[in-house]
Every structure is written in C-alpha cells, then in structure tokens.
Amino acid sequence: QVQLVESGGGLVQAGGSLRLSCAASGSISSTNVMGWFRQAPGKQRELVANIATDGTTNYAASVKGRFTIPRNNAKNTVDLQMNSLKLEDTAVYYCNLTNMLPGGAYIYWGQGTQFTVST
C-alpha cells in the first residue's frame, strides 16, 4: 500500500502563486510516476501534470508555462508550483502515484486538497 499526504491548499488571488506538496510513503516502486490531478465542481477529474522517476514530465495544455512539478526521488515527494493563477484553476487537487511493476501499474490517490482562486 501507498499513502499520499497533500498539503498547501487554500485561497489565493488571481495572478498569484501557490505551492502544493505531496509526500508518499509505503510500498513505492523504484519506477513510478507521481502527479497532480484536479477536479472542479461539475467536471471530471483531469491531469494537471505528472513526472516520472527519470524526470519525464507531462503538463496539461491549460497549465503549461504556468505550473511546474518538481519531485524529490530520495524523499518521495512531489510539489506543484503554480504561478499566474486563474479563476479556472479552482478545484480540488489530488496527488497521484502510479507504481510501475512487472505485473502492471498500480495507482494510488491522496485525499485531495481544496484550492480556490479569487478575484
């Protein structure tokens, strides 16, 4: 099992910045992908960004150039640095870890942290 604990949610004004953090513990494979998803009210959960253990990253088009996703493999942590925030960034943000094992991919989720962008 893998446990994911998120922190850093809250309220920020449009145009501002915020950093979310996620710490993973438990049975973490040496090859994995950590990332952030978000779900706004009435919408489906969507990928924001993820990063593999080799440093390969993926970003949603809507956040590219504004968000970065640094990770620390030794500490099993991943952050989401969010800049130039927009109202539409408001959502519950979920940390995600996918263990890549010979038998398949195993996905784990954090409980989510609410983040609101205000005018």
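Residues numbered from 1 in each chain as written. Predicted model: local features only at pLDDT ≥ 70, side-chain atom pairs only at ≥ 80, totals over all residues. Heavy atoms only, no water.

Caption draft 1: Inspection of the packing of aromatic side chains at higher detail. For the structure on display, the rule yields three aromatic pairs. Here Phe-37 and Trp-109 contribute two aromatic rings whose centre-to-centre distance is 4.9 Å and whose plane-to-plane angle is 75 degrees, an arrangement assigned as edge-to-face. Of this pair, Phe-37 sits in strand S4 (residues 32-39) while Trp-109 sits in strand S11 (residues 104-109), and the two are 72 residues apart along the sequence. Between the aromatic rings of Tyr-94 and Trp-109, the centroid separation amounts to 6.5 Å while the plane-to-plane angle is 90 degrees, which identifies the pairing as edge-to-face. Of this pair, Tyr-94 sits in strand S10 (residues 91-101) while Trp-109 sits in strand S11, placing them 15 residues apart in sequence. Through pairs of rings, three or more aromatic residues link up here, namely Phe-37, Tyr-94 and Trp-109. Note that Arg-45 overlies the ring of Trp-109, its terminal NZ or CZ placed 4.6 Å from the centroid. (Phe/Tyr/Trp six-rings, centres within 6.5 Å; stacked < 30°, edge-to-face > 60°. Helix = DSSP H or I, 4+ residues; strand = E, 2+ residues; numbered from the N terminus. Lys NZ or Arg CZ within 6 Å of the ring centre and 35° of its normal.)

Caption draft 2: The arrangement of the environment of Val-48 in detail. Structurally, the position occupied by Val-48 is in strand S5 (residues 46-52). Relative accessible area serves as the criterion here: at 1%, Val-48 is assigned to the buried category. Sequence separation between Val-48 and Tyr-93 is 45 residues; the distance between their C-alpha atoms is 8.8 Å. With sequence-adjacent residues up to four places away left out, Val-48 is seen in contact with Trp-36, Phe-37, Arg-38, Asn-58, Tyr-59, Ala-60, Val-63, Phe-67, Leu-80 and Tyr-93. (Buried < 20%, exposed > 50% of the residue type's maximum accessible area, 1.4 Å probe, protein only. Contact = heavy atoms within 4.5 Å.)

Caption draft 3: The environment of Thr-31, seen in detail. Relative to the assigned elements, Thr-31 resides in the loop between strand S3 (18-26) and S4. Taking relative accessible area as the criterion, Thr-31 reaches 41% and is therefore assigned partly exposed. Separated by 21 residues in the primary sequence, Thr-31 and Ala-52 have C-alpha atoms spaced 7.5 Å apart. Contact partners of Thr-31, with chain neighbours within four places excluded, come to Thr-53, Thr-98, Asn-99 and Met-100.

Caption draft 4: How the structure looks around the state of the cysteines. Enumeration over the complete set of coordinates arrives at one disulfide. Each sulfur of the disulfide joining Cys-22 and Cys-95 lies 2.0 Å from the other. Every disulfide takes its handedness from the sign of the S-S torsion; for Cys-22 and Cys-95 that torsion is -85 degrees, giving left-handed. With a gap of 73 residues between them, Cys-22 in strand S3 and Cys-95 in strand S10 connect regions that are remote in the sequence. Residue Cys-22 shares its accessibility class with Cys-95, and that shared class is buried. (Disulfide = S-S within 2.5 Å.)

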